[in-house]
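Structural features, examined
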Amino acid sequence: MFITRKAEFSASHLCRVSTLSDEQNRKLFGEEANANGHGHNYVLEITVEGDPDPVTGMIIDLKELKDIIEDEVTGPMDHRFLNYEVEPFSRVVPTAPNVAREIWRRMEKRLSGRGAELAKVRLFETPDLYVDVTREDVSV
Ligand SMILES: [Zn+2]
């Protein structure tokens with residue numbers, strides 16, 4: 001079974017590749033490359049897979065899951081400028097796929113070794129754009 005907890009955070013970012021010119025970055029990323037950055041209200045869904053405990057009926061302690069999301073994601077990222085304040089985004093372009101993959105890594109580190117396993121990270125950058133990350137997307 002799958003259970004999903006939702007969270008939201010607001011963060012700024014800009015998308016540019018440092019080895020490309022301003023013009024090349026504008027061409028590639030459009031407004032996303034604007035040097036002053038801009039904000040998104042990110043919506044995050046963390047999906048965990050497991051069987052409900054026969055006694056408690058719980059797949060995972062949902063309070064604990066909430067605390068882990070706060071520790072690893074919303075705490076460090078909410079109201080931050082991702083490129084300057086959150087690693088690895090000083091060297092990794094904080095596109096939605098890269099932010100989602102980093103969230104996977106942070107969550108996976110905390111959730112591994114329990115009965116329930118991280119199954120999916122879905123990150124909405126805007127209401128009409130989201131990225132899904134599953135285990136096969138994260139090899140390193
Ligand atoms: Zn953006």
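Quick notes on the rules
- Counting restarts for each chain, with residues numbered from 1 along the sequence as it is written.
- Reporting in this predicted model follows two pLDDT cut-offs: at least 70 for local features of residues, and 80 or more for side-chain atom pairs to be given and counted; totals over whole chains, interfaces and linings ignore these cut-offs and use all residues.
- Excluded from the side-chain calculations are hydrogens and water; all other atoms, namely the structure's heavy atoms, are used.
- Grouping buried Ala, Val, Leu, Ile, Met, Phe, Trp, Tyr and Cys residues that are joined through side-chain atoms within 4.5 Å yields what is termed a nonpolar core.
- The classification of residues rests on relative accessible area computed with a 1.4 Å probe and restricted to protein chains. Under 20% of the type maximum is buried, over 50% is exposed, and intermediate values are partly exposed.
- Numbering goes from the N terminus for both helices and strands, where a helix is a DSSP run of H or I of at least four residues and a strand is a run of E of at least two.
- Each metal's donors are the N, O and S atoms found within 2.8 Å of it, except that Na, K and Ca use a 3.2 Å limit; water is left out, so coordination can look incomplete.
- DSSP bridges decide pairing: two strands pair if at least two such bridges lie between them.
- Whether two residues are in contact is decided by their heavy atoms, any of which lying within 4.5 Å being enough.
- Only the stretch in contact is used when fitting a helix axis, every axis being a line fitted to C-alpha atoms; angles between N-to-C directions are given from 0 to 180 degrees.
- Whenever a carboxyl oxygen of Asp or Glu lies within 4 Å of a side-chain nitrogen of Lys or Arg, that contact is scored as a salt bridge.
- Helix span, expected: 1.5 Å multiplied by one less than the number of residues in the helix.

1. Some thoughts on the nonpolar core
- Counting residues in each nonpolar core, the largest one holds 31 residues, and the members touching the most others are Phe9, Leu44, Ile46, Ile103 and Met107.
- Elements represented by at least two residues in this core include exactly strand S1 (2-13), strand S2 (38-49), helix H2 (62-77), helix H4 (96-111), strand S4 (117-126) and strand S5 (129-133).
- Residue contributions to this core peak at seven residues, all from H4.

2. Looking at the coordination of the zinc ion
- Taken together, the protein ligands of the zinc ion are His13 (NE2), Glu32 (OE), Glu32 (OE), His38 (NE2) and His40 (NE2), with distances of 2.0 to 2.5 Å.
- Each donor residue of the zinc ion lies on one chain, and together they are spaced H-x18-E-x5-H-x1-H.

3. Observations concerning the sheet that holds S1
- Read from one edge to the other, the open sheet built from five strands follows the order S3-S1-S2-S4-S5, with strand pairing classed as mixed. Each end of this open sheet is capped by a strand with a single partner; those strands are strand S3 (80-81) and S5.
- Inspection of the sheet shows S1 paired to S3 by two bridges, in the parallel sense. When the bridges of S3 are listed, Ser12 appears paired with Phe81.
- On top of the sheet, H4 reaches S1, S2, S4 and S5; it is set at about 150 degrees to S4, its chief contact.

4. Quick notes on the pattern of salt bridges
- For the structure on display, the rule yields 12 salt bridges.
- A salt bridge links Glu117 to Arg135; the shortest N-O distance between them is 3.1 Å. Taken as a pair, Glu117 in strand S4 and Arg135 in the segment after S5 lie far apart in primary sequence, 18 residues in all.
- Assessed through its relative accessible area of 43%, Glu117 is described here as partly exposed.
- It is possible to trace a salt-bridge network through shared partners that takes in Asp71, Glu72, Lys109 and Arg110.

5. A few points about H4
- With 16 residues, H4 extends 22 Å between its outermost C-alpha atoms, agreeing within 8% with the 22 Å of an ideal straight helix rising 1.5 Å per residue.
- For H4, every residue scored as buried is listed here: Ala96, Asn98, Val99, Ala100, Glu102, Ile103, Trp104, Arg106, Met107 and Leu111.
- Looking at the packing, one finds that the buried side of H4 touches S1, S2, H2, helix H3 (82-85), S4 and S5.
- Once H4 ends, the next one or two residues include Gly113, with phi positive near 85 degrees.

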